[in-house]
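Topology and contacts: notes
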Amino acid sequence: MTPQDHETVILELDALIRDTQTLLDKVMHHGLDQTQSEDYDRLLAILDSAVKQQREHTFAMLNASSHA
């Protein structure tokens, strides 16, 4: 992947992270984290995965840029 490809993925993941965090805030506000704990846990897993992927792409982009 080119640094530009990584940047595109990073930006898409950023949108996913923001949207998931907003949804998690709403879920917690309405107490659904207690009544729908499996769904809440899935949202946390999505957030965790997106953050990890974003970090990986950031490092890959920086590595690719330093070798250019």
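Computed from a predicted model, the values in this text were never measured in an experiment.

1. A few points about helix H1 (residues 3-29)
Taking 1.5 Å of rise per residue, 27 residues should cover 39 Å, and H1 covers 39 Å from first to last C-alpha, within 8% of that figure. Every buried residue belonging to H1 is among His 6, Ile 10, Leu 13, Ile 17, Thr 20, Leu 24 and Val 27, and all of these are buried. Just past H1, the residue Gly 31 takes up positive phi, approximately 75 degrees.

2. Details of the nonpolar core
Leu 13, Ile 17, Leu 24, Val 27, Tyr 40, Leu 43, Leu 47 and Ala 50 form the largest nonpolar core, which has 8 residues in total. Of all the elements in the fold, those that place two or more residues in this core are H1 and helix H3 (37-66).

3. Quick notes on the pattern of salt bridges
In this structure the tally under the stated criterion is 4 salt bridges. We note a salt bridge from Glu 38 to Arg 42, for which the minimum N-O separation is 3.7 Å. Of this pair, Glu 38 and Arg 42 both sit in helix H3, separated by 4 residues, roughly a single helical turn. Glu 38 gets classed as exposed once you look at its relative accessible area, which sits at 56%. Judged by relative accessible area, Arg 42 falls into the partly exposed class, the value being 48%. Salt-bridge contacts for Arg 42 lead to Asp 39; the nearest nitrogen and oxygen are separated by 2.7 Å. Taken together, the residues span about one helical turn, with Arg 42 and Asp 39 both in helix H3 at a distance of 3 residues. Among the charged side chains, a salt-bridge network with shared partners connects Glu 38, Asp 39 and Arg 42.

So, how was this worked out
- Along each chain, the written sequence defines residue order, and numbers are assigned to residues from 1.
- Residue-level local features of this predicted model are given only where pLDDT is at least 70; pairs of side-chain atoms are given and counted only at 80 or more, and the full residue set underlies all totals for whole chains, interfaces and linings.
- Excluding hydrogens and water, the side-chain figures rest on all heavy atoms present in the structure.
- Secondary structure elements follow DSSP: runs of H or I no shorter than four residues count as helices, runs of E no shorter than two count as strands, and numbering proceeds from the N terminus.
- The length a helix should cover is 1.5 Å for every residue beyond the first.
- Classification of residues uses two cut-offs on accessible area relative to the type maximum, computed with a 1.4 Å probe and protein chains only: under 20% is buried, over 50% is exposed, and between them is partly exposed.
- By nonpolar core is meant a set of buried Ala, Val, Leu, Ile, Met, Phe, Trp, Tyr and Cys residues that side-chain atoms within 4.5 Å join together.
- Think of a salt bridge as a Lys or Arg side-chain nitrogen and an Asp or Glu carboxyl oxygen that are within 4 Å of each other.

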